[in-house]
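Residue strings, one per chain:
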Amino acid sequence: MRILVVGSGGREHALAWKISQSPLVTALFAAPGNPGLGRLATLVPIKADDVEELTAFAVRQKIDLVVVGPEAPLVGGLVDRLDAAGVLAFGPTAGAARIEGSKAFAKEVMVAAGIPTADYATFTEPGPALAWARRRGGQVVVKADGLAAGKGVVVCGSVEEAEAAIREILVDRIHGAAGATLLLEEKLSGPEASCIAFTDGERVRMLPAAQDHKRIFDGDRGPNTGGMGAFCPTPKVSDALLAEIERTVLLPAVRELTRRGHPFRGALYAGLMLTPQGLRVLEFNARLGDPETQPILMRLRGDLVPALLAVARGDLSGVTLDVDRRASIGVVVAAEGYPGKVTGGDVIHGLDAALAPDQQLFQAGTASGPGGQVVTAGGRVLTACALGATTAEAMKRAYHALGTISFRGMQFRTDIGGSA
Ligand code: AMP
Ligand code: GLY
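Residues numbered from 1 in each chain as written. Chains lettered and ligands numbered in written order. Predicted model: local features only at pLDDT ≥ 70, side-chain atom pairs only at ≥ 80, totals over all residues. Heavy atoms only, no water.

**Considerations on the pattern of salt bridges**
Heads up, the rule is: Here, a salt bridge means any side-chain nitrogen of Lys or Arg that lies within 4 Å of a carboxyl oxygen of Asp or Glu. Strands here are runs of E lasting at least two residues and helices are runs of H or I lasting at least four, both read from the DSSP assignment and numbered beginning at the N terminus.
Tallying each qualifying case throughout the model produces 24 salt bridges. Between Lys143 and Glu185 there is a salt bridge, with the nearest N and O atoms lying 3.2 Å from each other. With Lys143 in strand β7 (residues 140–144) and Glu185 in strand β9 (residues 182–186), this pair connects stretches of sequence that are 42 residues apart. Within the structure, one salt-bridge network assembled from shared partners comprises Glu108, Glu256, Arg259 and Arg260.

**Remarks on the packing of helix α7 (residues 103–113) against helix α10 (residues 239–259)**
Cut-off, in case you're wondering: Every axis corresponds to a line fitted to the C-alpha atoms, with the helix fit spanning only the stretch in contact, and the corresponding angles, defined between N-to-C directions, vary from 0 to 180 degrees. To sort the angles, those under 35 degrees are grouped as roughly parallel, those over 145 as roughly antiparallel, those from 65 to 115 as roughly perpendicular, and the leftovers as oblique. Contacts were defined at the residue level, with two residues in contact if any of their heavy atoms lie within 4.5 Å. Each residue is assigned to one of three groups, with Ala, Val, Leu, Ile, Met, Phe, Trp, Tyr, Cys and Pro labelled nonpolar, Asp, Glu, Lys and Arg labelled charged, and all others, Gly among them, labelled polar.
It is the contact of α7 with α10, at a shortest axis distance of 9 Å, that shows an interaxial angle of 105°. By the angle between their axes, α7 is roughly perpendicular relative to α10. Side by side, α7 and α10 meet where Phe105, Val109, Ala112 and Ala113 of the first sit next to Pro252, Ala253, Glu256 and Leu257 of the second. Residue composition of the contact of α7 with α10, by class: seven nonpolar, no polar and one charged.

**Things to note about the sheet that holds β7**
Whether parallel or antiparallel, the strands of a sheet pair through hydrogen bonds between backbone atoms. Here is the rule we go by: Two strands pair under a simple rule: DSSP has to find at least two bridges between them.
Strand order in the open sheet formed by four strands is β6-β9-β7-β8, with antiparallel pairing between adjacent strands. One side of each edge strand has no neighbouring strand; the edge strands of this open sheet are β6 (120–123) and β8 (153–155). Across this sheet, the average inter-strand angle for adjacent strands is 20°, counted without regard to direction. Packed onto the sheet, helix α8 (residues 126–135) meets β6, β7 and β9 and runs at close to 10° relative to β9.

**Structural notes on the environment of Lys62**
Residue placement: Lys62 occurs in the loop between α3 (51–60) and β4 (65–68). Remark: the alpha-carbon pair of Lys62 and Ile3, spanning 59 residues in sequence, is separated by 9.2 Å.

**Some details on the site of ligand 2**
Stated formally: We define proximity as follows: a residue is near a molecule or strand when any one of its heavy atoms falls within 4 Å of that partner. In short, Shrake-Rupley with a 1.4 Å probe defines the accessible areas, and a residue's cover is counted only from the protein chains shown.
Taken together, the neighbourhood of ligand 2 is formed by Asp212, Gly226, Tyr269, Asn285, Arg287, Gly289, Asp290, Pro291 and Glu292. Taken by itself ligand 2 offers 200 Å² of open surface, and the protein chains cover 89% of this. In the shell around ligand 2, the residues fall into two nonpolar, three polar and four charged.

**Description of α7**
Counted only if it meets this: Accessibility here uses a 1.4 Å probe with only protein chains present; expressed as a share of the type maximum, an area under 20% marks a residue as buried, one over 50% as exposed, and anything in between as partly exposed.
Buried residues of α7: Lys103, Ala104, Phe105, Ala106, Lys107, Val109 and Met110, and no others. Just beyond α7, the residue with positive phi is Gly114, at close to 70°.

**Some details on the site of ligand 1**
Rule in force here: We call two N or O atoms a polar contact when they sit within 3.5 Å, provided that within protein one can donate a hydrogen and the other can accept it, with sequence-adjacent residues counted only if both atoms are side-chain atoms.
Residues in contact with ligand 1 amount to 15 residues; listed here are only the nearest, Lys143, Glu185, Leu188, Glu192 and Glu283. Within the side chain of Lys214, a nitrogen or oxygen atom sits 3.1 Å from an oxygen atom of ligand 1. Protein coverage of the free-state accessible area of ligand 1, which is 470 Å², stands at 90%. Looking at the shell around ligand 1, the elements with two or more residues in it are β7, β8, β9 and β17 (278–285). For the shell around ligand 1, the residue count by class is seven nonpolar, no polar and eight charged.

**Looking at the packing of aromatic side chains**
Put simply, the rule reads: For this analysis, a ring pair means two rings from Phe, Tyr or Trp (six-membered ring only for Trp) whose centres lie within 6.5 Å, classed as stacked if their planes differ by under 30 degrees, edge-to-face if by over 60, and tilted for the remaining angles.
As enumerated under the stated definition, the model contains five aromatic pairs in all. For the ring pair Phe123 and Trp132, a centre distance of 6.4 Å and an interplane angle of 65° mean the geometry is edge-to-face. We note that Phe123, like Trp132, is buried.

**Things to note about the sheet that holds strand β1 (residues 2–7)**
With parallel pairing, the five strands of this open sheet are ordered in space as β3-β2-β1-β4-β5. In this open sheet, the two strands that pair with only one neighbour each are β3 (42–43) and β5 (89–90). Sheet topology places strand β2 (residues 27–32) next to β3; two bridges connect them, and they run parallel. In the strand pairing of β3, Phe29 is matched with Thr42. In the packing of helix α1 (residues 10–19) onto the sheet, the strands contacted are β1, β2 and β4, and the crossing angle to β1 comes to about 165°.

**A closer look at the packing of helix α6 (residues 94–101) against α7**
Closest axis-to-axis distance for the α6/α7 pair is 6 Å, and the angle between their directions is 100°. Taken together, the axes of α6 and α7 lie roughly perpendicular to each other. Packed against α6, whose contacting residues are Gly95, Arg98, Ile99 and Gly101, the element α7 presents Lys103, Phe105, Ala106 and Val109 at the interface. In terms of residue class, the contact of α6 with α7 is built from four nonpolar, two polar and two charged.

Right, dumping it as structure tokens:
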């Protein structure tokens with residue numbers, strides 16, 4: 001079987017690592033990939049959001065399954081084009097991926113399906129938005145409707161902050177057309193969890209729950225990032241709670257999308273907050289999370305390819321997921337300046353250090369340098385992962401793996417997994 005992984009992050013490196021272990025695979029490609037992926041797959045220099053070129057490549061190369069990592073090509077209709085060309089894909093069509101591509105649409109789906117979520121309203125004019133925020137004393141969350149590379153959400157603590165965020169999105173258009181519509185939500189509080197399921201549009205198979213660390217600095221301080229690390233499982237989500245989340249969140253969302261004529265085939269990600277009033281959905285993503293995928297896949301035993309194929313073919317009935325009882329964590333190593341501007345081009349030392357099979361370094365913002373060395377080429381550079389009998393043990397082993405790595409200006413949190 002010939003498989004193409006689309007994307008170039010730690011999530012895609014972890015997917016390719018898992019897929020490459022399958023005896024079903026005869027050829028593995030990654031577009032555009034990174035040097036880490038290049039050790040497992042043939043790299044194809046096509047951008048992840050170039051729907052036409054990716055489709056042409058898949059047809060030409062007789063690809064049996066395309067596994068789409070990031071949201072942009074999903075929202076951009078890659079899976080629709082592949083479907084039309086007769087190529088199987090793991091990932092939703094554009095109509096189903098709208099659950100991530102439009103936060104207003106996601107809210108409509110949640111309300112229609114009775115999924116618990118924060119109170120909200122949508123706006124296209126700053127005046128009424130500001131009035132809504134004032135009535136709530138500025139204790140609101142401001143969200144751009146469309147895709148904003150994880151930067152479209154501002155949690156506010158005062159009317160002034162809300163006013164500034166509303167103005168930036170609706171008037172200054174810092175997110176462009178993604179901010180033509182804006183959502184205001186009541187501000188909730190509580191621990192967060194990432195609950196991801198494989199779904200074929202009818203059935204769901206829950207992956208073990210994970211927790212992401214979004215802030216740049218230890219102790220959850222500093223600005224939000226794409227994610228500085230994750231651990232799995234999280235003690236906040238018991239088996240009973242995961243079953244409840246399947247029943248009250250994932251299944252109703254899947255059924256509502258199918259009812260609307262957009263069956264979702266892929267990984268559906270619910271970002272949850274466990275509030276004193278019960279669980280609330282903050283967002284849906286139409287894909288696997290990054291960095292959650294890295295520690296989650298460390299725990300999945302057996303062959304991942306049959307599950308991916310079953311999703312793509314629309315029949316998960318014969319699939320069960322076998323999850324390792326050990327805990328896992330993934331620590332993101334970022335470049336100097338992240339989550340702001342980063343420069344890139346710094347040589348990364350230590351990528352060839354000997355590690356155990358249950359310790360992995362998944363590359364993300366990396367590139368091949370002039371002398372054949374691997375250099376930094378993005379904000380999040382790699383994720384160091386490990387399994388352990390306990391989360392504490394997994395932490396020790398992941399930080400040990402990370403300790404082999406060095407590059408100028410590298411930064412990482414020292415407390416990933418600590419809250420578990
Ligand atoms: P999102 O991209 O929607 O997951 O939002 C990013 C982060 O903003 C979440 O992980 C939460 O920490 C925070 N957030 C989003 N919505 C809310 C809310 N209604 N109340 C409090 N925090 C929120
Ligand atoms: N780690 C959060 C996300 O993938 O959206």
